[in-house]
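A closer look at the structure
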Amino acid sequence: MALVYKDFSEDASDEFWCAGDNQLFLIPYVWGDRRRCGIAWTEVDKIFFPCRLPSEDDEAVTHFLLGVLDLNQKKIDVYDSIYSEPYEAGMNYMQMYARMIPHLLKFSQFDKNHKSFGNVFNKFDIQWQRSPHQTGSTDCGAFLIKFAELLMIGKDVQQFQPEDIKDFRKELAANLWAHGEWKRNSGYDTPPENVGDDYESENETFCPKEL
């Protein structure tokens, strides 16, 4: 998203979205052609995406937060384990999604395939949601995962108590170890995902996507 956004403008033409990197990086996610998602956005109402705020210098510690793209309400809910109100760095980063995704959906003819999106492609609203706050300096990533877990099963993130994050870290470690054991015992090998991997040919074009 960040790679494409640096060249984005509000009056971006169809040619912008047909450019090689823009097409290969973003369009496949909308249509479920990437292995990392596997389902088209037209089949769901919400998209969960982790965000890593850029640091001002390469050595600075940065911050993770969760964005939830609500396609029906045309908004982005932000779950942040440090801030419950918008702040400059976080808002600047989320504006990237709020500005560019409507244009991406319009180019993809999304309105013709989603049951309730409609045909209005205005900039999405950004709303910071009340969330439990971390007390440790390096817990934001674990909180992000916990927020996503709770929201995906329809629970309120505020049900989670910040002091329980240590136990959740142990649970994550145990699950990752168990998954690694399953992969080792079953012989399953996660395929790599590189530009062009989802197509028969790296030079083949799907611009615009055939519907």
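Here we summarise the structure given alongside this text. (Residues numbered from 1 in each chain as written. Predicted model: local features only at pLDDT ≥ 70, side-chain atom pairs only at ≥ 80, totals over all residues. Heavy atoms only, no water.)

Overview of the side chain of S81
What counts here: Under the scheme used here, helices are H or I runs from DSSP no shorter than 4 residues and strands are E runs no shorter than 2 residues, and both carry numbers assigned from the N terminus. Two N or O atoms count as a polar contact when they lie within 3.5 Å, although within protein this holds only if one can serve as hydrogen donor and the other as acceptor, and sequence-adjacent residues are included solely when both atoms are side-chain atoms. A contact between two residues is defined here by any heavy atoms of the two lying within 4.5 Å.
Residue placement: S81 occurs in the loop between β3 (75-79) and α5 (88-107). One polar contact links S81 to Q134, side chain to side chain, over a distance of 2.5 Å. Excluding residues within four positions of it along the chain, S81 makes contact with H63, P132, H133, Q134, C140, F143 and F147.

Observations regarding the side chain of D77
What counts, and what does not: Exposure classes here rest on a 1.4 Å probe applied to the protein chains alone. A residue is buried below 20% of its type maximum, exposed above 50%, and partly exposed in between.
Within the fold, D77 resides in strand β3. Of the residues examined, D77 reaches a relative accessible area of 6% and is grouped as buried. Ignoring any residue separated from it by four or fewer positions in sequence, one finds D77 in contact with L66, G67, V68, Q127 and Q129.

Section: the pattern of salt bridges
Rule in force here: Here a salt bridge means any side-chain nitrogen of Lys or Arg lying within 4 Å of a carboxyl oxygen belonging to Asp or Glu.
Counted by the stated rule, this structure contains four salt bridges. Taking the shortest distance from any N to any O, the salt bridge between D77 and K75 comes out at 3.5 Å. With respect to burial, D77 and K75 carry one shared label: buried. Residue E181 is joined to R184 by a salt bridge in which the shortest nitrogen-to-oxygen separation is 2.7 Å. Residue E181 and its partner R184 are both found in helix α7 (residues 165-186); the two are separated by three residues, about one turn of the helix. The exposure class of E181 is partly exposed, given its relative accessible area of 23%.

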